[in-house]
Amino acid sequence: MDSKTKQMIVSALCKHFSLDPEPFLGGAGESDVKTLYSNVLKASGKEVSTQNNEVLKWLDFAEGFLAISKDCFAALEKLNVELATKSVLLGNGLTPSAADVAVFSAVHSSVLGLSDSDKEKVPHVIRWINYIQNKEDLSTLFAPIPVKLSVFDFEVSKSVSKVEANSNTKKATEGVKPVDKSEAQPITKKTEPEEPKKNATTEKDAKKEKKKPAETEPAKKDAELSVSLLNIQVGLIRKAWKHPSADSLLVEEIDVGEDKVRQVVSGLAKFCNPDDLANRLVALITNVKPGKLRDVMSQGLVLCASSEDHSVVEPLLPPAGAKPGERVSFAGIEGKPEDVLNPKKKQLEKITPGLYTDENGVATYKGIPFMTSAGPCTSSIPKATIK
């Protein structure tokens with residue numbers, strides 16, 4: 001590994017630990033990555049002994065990564081496999097580790113030079129790179145690596161919806177055929193034997209008429225379950241703290257552009273440090289019924305992405321530039337949100353199965369992105385459930 005790359009690793013580690021890199025840069029070229037890491041760690045006064053073996057594993061990876069060789073892409077493919085089920089190499093998904101920073105610094109120049117087609121072959125690496133460069137604010141040290149998000153053809157979705165609607169209307173029309181006059185003629189003859197048949201036909205027609213409203217009931221139910229019923233707004237967490245009587249809960253004060261901040265209780269204590277949530281944007285359902293959680297009032301629901309085994313959970317992240325209070329929209333889906341969701345109707349429980357992140361971490365409702373004025377909401381967890 002060349003001296004310049006080692007200096008970049010040192011600078012990034014110092015930024016991670018909030019240290020001045022100047023004292024460490026002089027002999028960076030002569031030291032290995034483990035020694036550089038050890039020196040920075042000692043100066044920071046922090047300990048990571050519980051993950052020491054894992055940290056050393058990734059420092060070895062950074063040391064051995066060859067930026068200019070055919071082995072470079074093979075190493076990235078191995079890294080891609082490692083990241084397939086993780087948000088970060090080490091950490092809880094919201095706070096990347098020093099190992100993440102060191103490996104990012106080592107592979108940065110190689111990933112920057114990848115073609116779009118090669119980037120598509122290592123999607124988890126690209127998702128991770130994008131997360132680290134933004135979370136650690138490394139733009140002052142490294143050139144930003146552009147990341148393409150999924151493109152959705154919303155017009156196709158609209159067309160499909162219209163075709164399906166027309167098809168359903170046609171089927172509904174065909175389901176109730178008018179009685180042909182020529183067929184009805186024999187029944188209208190005023191003869192005693194034919195009278196029972198007339199009554200029977202009338203009863204059948206009556207039953208058909210009764211069935212008509214029933215055919216429209218599923219459509220009404222579908223309308224009731226539209227994501228448009230949820231008032232999902234961009235919120236800015238002003239501060240967060242641990243719940244006074246529940247170890248698994250955090251309490252946040254969230255600004256959604258109203259006169260007063262909203263107090264919200266979330267089950268994030270095992271996954272997030274309260275300090276990391278301060279001044280962070282989130283997607284908040286603001287029309288859930290307010291209520292107390294362990295004696296603390298909660299006035300909203302922070303939408304979070306969760307890995308399949310629920311080992312990593314993090315709030316959805318609206319893009320920088322999204323304004324607190326603006327409503328998240330879904331292309332092709334219109335409708336007014338409920339003033340307050342009715343818990344008895346279980347509307348939220350029926351809608352949330354359609355909420356998930358795609359392979360690039362974009363938050364969606366049945367594949368349609370959570371959109372703000374600045375772009376889609378995202379997560380570092382691909383193919384995650386959202387609740």
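The preceding data block contains the structure.
Quick caveat, the model's predicted, so the values are computed rather than measured.

K.L.:
Just to check I follow, could you spell out the pairing of strand β1 (residues 232-242) for this structure?
P.N.:
Taken residue by residue, a regular strand's side chains alternate between the two faces of the sheet. Alignment of β1 against strand β4 (residues 281-285), held across five bridges, turns out to be antiparallel. Counted as the bridge partner of I232 is I285 from β4. Bridge analysis of β1 against strand β2 (residues 250-255) gives six bridges, and the strand direction is antiparallel. Bridge assignment links K239 to a residue of β2, and that residue is E253.

K.L.:
What is the right way to look at the packing of aromatic side chains in this model?
P.N.:
Working definition: an aromatic ring pair is given by the centre-to-centre distance plus the angle between the planes. Counted under the stated rule, the structure contains six aromatic pairs. Aromatic side chains F104 and F142 sit 5.3 Å apart centroid to centroid with 90 degrees between the ring planes, which places their arrangement in the edge-to-face category. Of this pair, F104 sits in helix α6 (residues 98-112) while F142 is found in the loop between α8 (123-135) and α9 (154-175), placing the two residues 38 residues apart along the sequence. Each member of the pair, F104 together with F142, is buried. An angle of 75 degrees between the planes, with centres 6.1 Å apart, marks the rings of F330 and Y365 as edge-to-face. Here Y365 lies in strand β11 (residues 363-365) and F330 lies in the loop between β9 (313-315) and α13 (347-351), a separation of 35 residues in the sequence. You can call F330 buried: its relative accessible area is 7%. Its relative accessible area of 8% is what places Y365 among the buried residues. Clustering of aromatic rings is evident, with ring pairs tying together W58, F61 and F65.

The rules we used
Residues numbered from 1 in each chain as written. Predicted model: local features only at pLDDT ≥ 70, side-chain atom pairs only at ≥ 80, totals over all residues. Heavy atoms only, no water. Pairing = 2+ DSSP bridges. Helix = DSSP H or I, 4+ residues; strand = E, 2+ residues; numbered from the N terminus. Phe/Tyr/Trp six-rings, centres within 6.5 Å; stacked < 30°, edge-to-face > 60°. Buried < 20%, exposed > 50% of the residue type's maximum accessible area, 1.4 Å probe, protein only.

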